[in-house]
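The primary structure of each chain is shown beneath.
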Amino acid sequence: MVAMAKDISYDTETTGLYLHGPHEMFSYSTCGWDGEIDICRLDGSKKRQVANNSKLDEMFTWKPQFSSPVVMHNSKFDLTATEKHLGRHVAEDVEFHDTYMQSHILQSNHPSHRLKDLAWELAGIPKDDESAVKSFVAEGGNYSNVPEQLMDEYQRWDAERTMLLHRFLYPKIQASAAFSEIYQMELDLVKTTMRMEERGLMLNVPRTEKMIYKLEQDVEGVLDKIEEFAGERVNPNKTSQLAWLLFDKAKLPILERTAKSKQPKMDKNVIAQLRESNPHAVLDNILQFRSWSRGSTMLQSYLDYADGEGIIHPDIRTCGAKTSRQSSSRPNLQNVQKEGVLLNPYPIPARQCFRPRPGYVNFHLDYSGIELRLLVDYAGEDKLRKIIINGGDPHEPASLVFFRDRFKNARGDLRATLRGASKNMNFAIPYGAAAYKVALGLGMPFEMGKERFEDYRAQFPGLCGLNPRMAALVREQGYVETKFGRWLWVPRNKSYMGTNYLIQGTAAGILKRAQIKVHSYLQRATSGEVRMLLPIHDELVFEFPRKRLGEAGHIFREVRRIMIDFPMFDVPLEVDVQVATFDWSAKKMFNILV
DNA sequence: AAACACGGCGCG
DNA sequence: AAAGCGCGCCGTGTTT
């Protein structure tokens, strides 16, 4: 293991999690290849501060002959803390490692990738070393004023743990060429993601405040209406009170029960069903209450996360999901509500609250139909592949199979509805839906649905064969392997999920690689004036300076080219470009050829 | 007070 | 036997 000899593990201690907010790093620890531990406080005596700062500065400045690869557990956090403390970006060329990524790549479904859990499991290091620090903090202290001796002991172990994990896990990454490529890609992505978090997204603060004010009024109004009907004040968030309102007071029937506690189900699907047979005003009041109160709390949380300039810096976890997808938290900006796409008749136009920075517009580039394209590719479903290549509608053949003449003769809304149901089945079937769900989804009696399902099987043997194939792999080996060579572990007793993991993980692999290349292109071609802000599973959000709008066509032609440049797939990828000049709800198609 | 489970719901 | 999946966050209610 000579190659590892110079490695040094590195762990930071901060006053909290909001590094783009008030929190700061106050100490760090390192552990050398030989187990030598150094605890470096950044507070206290001037002399010590100077020494420890210069060691830090050295670690993150690339020097060809001296540099030691820095090993971290969840490097995005430590690097972000370090950059804030140093007041500069860490050097591009500094080699670093991340045991958190290693763990994700080697065991995607592990219940915990936390340092303490992994170190206990792999090296038998007990997890109780932080109890003294925890109890100090619980008694009113905070992490930065824990007595140094206590803190030293605590830090000592985390640096040691990280080094040990690296010794256990990294050789397993190195042993596979595919894992090595994935690992390097993930490390590159950490830096790309840091630049997005740092830049952040702009909230239209006054507009958000106005919207919250109106929603709060509306919530009061709807609670009054419910009180008029019920004869007393009801809190619809309380299950017992809501059940009383719906099933005792309004005498509505119980249609379903919840999975675990077997209570009457009262979600929006049930309420929609009840609404059809029994258009009781209280049902609408419940939908209004839920949507509006949730809406105002979500908007309030966006306000709380915004800094003085209205900028939100989310935490973008690069391996947030078991399928290797990214996720966003504090706040989650991947689920900002849209208008008019769901069963909710009272949507909140929350996307109106997000705006480009002054002097910028936002571009949204999304892969069109990437999920179906990948399904068709993995399934080798030639008929659909040809339709996609020729720009036809890949959901039309399914519509004809499921609805026959009814679809042939349908126009307008009905045609769209039938196509929509068929489209859902094009996903649901490869993902494991059975005849019962097919009939339900198509709105047909069970026997008819089953018969059409059989027709579909005959027409699309590739698509229908994919799930059994993946399920068999899961049962045999426990994982599915994406075209990038990533192993996605699937619970063996849920082998039908294999196809879903495969598609989701492949799309994530495409988007991640695209992000790295696009980031590097934008740095090179625009000196970082055009920036990527946020990934949303099959979409990238950018900001673009208005003064350079004349170049937008040229730049996004290249971005699009990079995004779809994955020759390993037989089905072509496609990207749609939209521009938002005022807010995210008013997006318009943007023609990059002009 | 903190941690957890659950139902519910937004996005992909 | 039958089964679409992945997240994060909220409010309520229970456990520690």
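Residues numbered from 1 in each chain as written. Chains lettered and ligands numbered in written order. Predicted model: local features only at pLDDT ≥ 70, side-chain atom pairs only at ≥ 80, totals over all residues. Heavy atoms only, no water.

### A short note on the protein's contact with DNA strand C
Within the structure, DNA strand C sits among 28 residues, and Arg330, Lys437, Tyr496, Asn500 and Tyr501 are positioned closest to it. Protein-proximal atoms of DNA strand C, defined as those within 4 Å of the protein, fall in sugar or phosphate at a share of 78%. For DNA strand C, a phosphate oxygen lies 3.1 Å from a polar atom in the side chain of Arg317. Broken down by secondary-structure element, the contributors of at least two residues to the surface near DNA strand C are helix H11 (281-305), strand S9 (327-329), helix H16 (435-442) and helix H19 (498-526). For the surface near DNA strand C, the class distribution of residues is eight nonpolar, 13 polar and seven charged. (Near = heavy atom within 4 Å. Polar contact = N/O pair within 3.5 Å; in protein donor to acceptor, adjacent residues only side chain to side chain. Helix = DSSP H or I, 4+ residues; strand = E, 2+ residues; numbered from the N terminus. Nonpolar A, V, L, I, M, F, W, Y, C, P; charged D, E, K, R; others polar.)

### Quick word on the sheet that holds strand S10 (residues 354-355)
Read from one edge to the other, the open sheet built from three strands follows the order S7-S6-S10, with strand pairing classed as antiparallel. Every other strand in the sheet has two partners, leaving strand S7 (311-312) and S10 as the edge strands with one partner each. For strand S6 (residues 201-203) and S7, the ladder comprises two bridges, and the chain directions are antiparallel. Across the sheet, the residue bridging to Met202 is Ile311, located in S7. (Pairing = 2+ DSSP bridges.)

### A closer look at the pairing of strand S11 (residues 360-367)
Among the eight residues that make up S11, eight are buried, leaving the element largely enclosed by the rest of the structure. A two-sided burial pattern is seen for S11, the buried positions comprising Tyr360, Asn362, His364 and Asp366 on one face and Val361, Phe363, Leu365 and Tyr367 on the other. Judged from the seven bridges that link them, S11 and strand S15 (residues 539-545) form a sheet pairing that is antiparallel. From the neighbouring strand, Asn362 faces S15, where its bridge partner is Glu543. In this structure, S11 lies alongside strand S16 (residues 575-580), joined through six bridges in antiparallel fashion. (Buried < 20%, exposed > 50% of the residue type's maximum accessible area, 1.4 Å probe, protein only.)

### Remarks on the side chain of Ser293
If you trace the backbone, Ser293 turns up in helix H11. Here Ser293 falls in the buried class, since its relative accessible area comes to 18%. For Ser293, the side chain forms a polar contact with the main-chain oxygen of Phe289, separated by 2.7 Å. Those residues within four positions of Ser293 in sequence are excluded, and the remaining contacts are Val219 and Gln288. (Contact = heavy atoms within 4.5 Å.)

### Some details on the packing of helix H8 (residues 205-230) against H11
Relative to each other, H8 and H11 sit at 150 degrees, their axes nearing to 9 Å. Put simply, H8 runs roughly antiparallel to H11. Classified by chirality, the crossing of H11 by H8 is left-handed. For the contact of H8 with H11, the residue count by class is 15 nonpolar, seven polar and four charged. (Axes fitted to C-alpha atoms, helices over the stretch in contact; angles between N-to-C directions. Parallel < 35°, antiparallel > 145°, perpendicular 65-115°, else oblique. Left-handed = near helix turned anticlockwise from the far one by under 90°.)

### Examining unusual backbone geometry
Excluding glycine, most residues fall at negative phi; most peptide bonds, likewise, are trans. Cis geometry marks the peptide bond from Arg330 to Pro331; its omega dihedral reads -5 degrees. Along the chain, the position of Pro331 falls in the loop between S9 and S10. One non-glycine residue, Arg330, lies in positive phi territory at about 45 degrees. Owing to a relative accessible area of 25%, Arg330 belongs among the partly exposed residues under this scheme. If you check the backbone angles, Ser527 has positive phi at about 50 degrees while not being a glycine. Residue position: Ser527 is located in the loop between H19 and strand S14 (531-535). Of the residues examined, Ser527 reaches a relative accessible area of 62% and is grouped as exposed.

### Things to note about the nonpolar core
Phe363, Tyr367, Phe542 and Val559 are the most contacted members of the largest nonpolar core, which totals 118 residues. Ranked by residue count, the leading element in this core is H19, at 10 residues. Aside from chain neighbours lying at most four places away, what touches Tyr367 is Ile510, Leu511, Ala514, Asp538, Met563, Phe566, Leu573, Glu574 and Val575. (Core = buried A, V, L, I, M, F, W, Y, C linked by side-chain atoms within 4.5 Å.)

### Brief notes about the packing of aromatic side chains
The tally for this structure, following the rule as stated, stands at 20 aromatic pairs. Between Phe363 and Phe590 the ring centres are 4.9 Å apart and the planes differ by 85 degrees, which places this aromatic pair in the edge-to-face class. Separated by 227 residues along the polypeptide, Phe363 in strand S11 and Phe590 in the segment after strand S17 (587-589) bring together distant segments of the chain. With relative accessibility at 0%, the residue Phe363 sits in the buried group. Under the relative-accessibility criterion, Phe590 is labelled partly exposed at 24%. Feature note: the residues Phe363, Phe542, Phe544, Phe556 and Phe590 constitute an aromatic cluster, connected by ring pairs. (Phe/Tyr/Trp six-rings, centres within 6.5 Å; stacked < 30°, edge-to-face > 60°.)

### Quick notes on a nonpolar patch on the surface
A cluster of nonpolar residues, Tyr436, Leu440 and Phe446, forms a patch on the protein surface that exposes about 340 Å² of accessible area. If you trace the backbone, Phe446 turns up in helix H17 (residues 446-459). (Patch = residues over 30% accessible without salt bridge, like charges linked within 9 Å, V, L, I, M, F, W, Y side chains within 5 Å. Areas by Shrake-Rupley, 256 points an atom, 1.4 Å probe, with all protein chains shown as cover. Salt bridge = Lys/Arg side-chain N within 4 Å of Asp/Glu carboxyl O.)

### A few points about the domain arrangement of chain A
You can read the domains of chain A as domain 1 (8-175), domain 2 (203-312), domain 3 (357-370 + 504-589) and domain 4 (382-459). The straight-line distance from the C-alpha centre of domain 2 to that of domain 4 is 34 Å. (Domains from an automatic or database assignment.)

### So, the pattern of salt bridges
Applying the stated criterion to the full structure yields 39 salt bridges. Among the salt bridges present, the one from Glu83 reaches Arg195, with a minimum N-O distance of 2.4 Å. In this pair, Glu83 is assigned in helix H2 (residues 75-86) and Arg195 in helix H7 (residues 177-199), connecting sequence segments 112 residues apart. The class of Arg195 is buried, set by a relative accessible area of 11%. Measuring nitrogen to oxygen at the nearest pair gives 3.4 Å for the salt bridge that ties Glu451 to Arg404.

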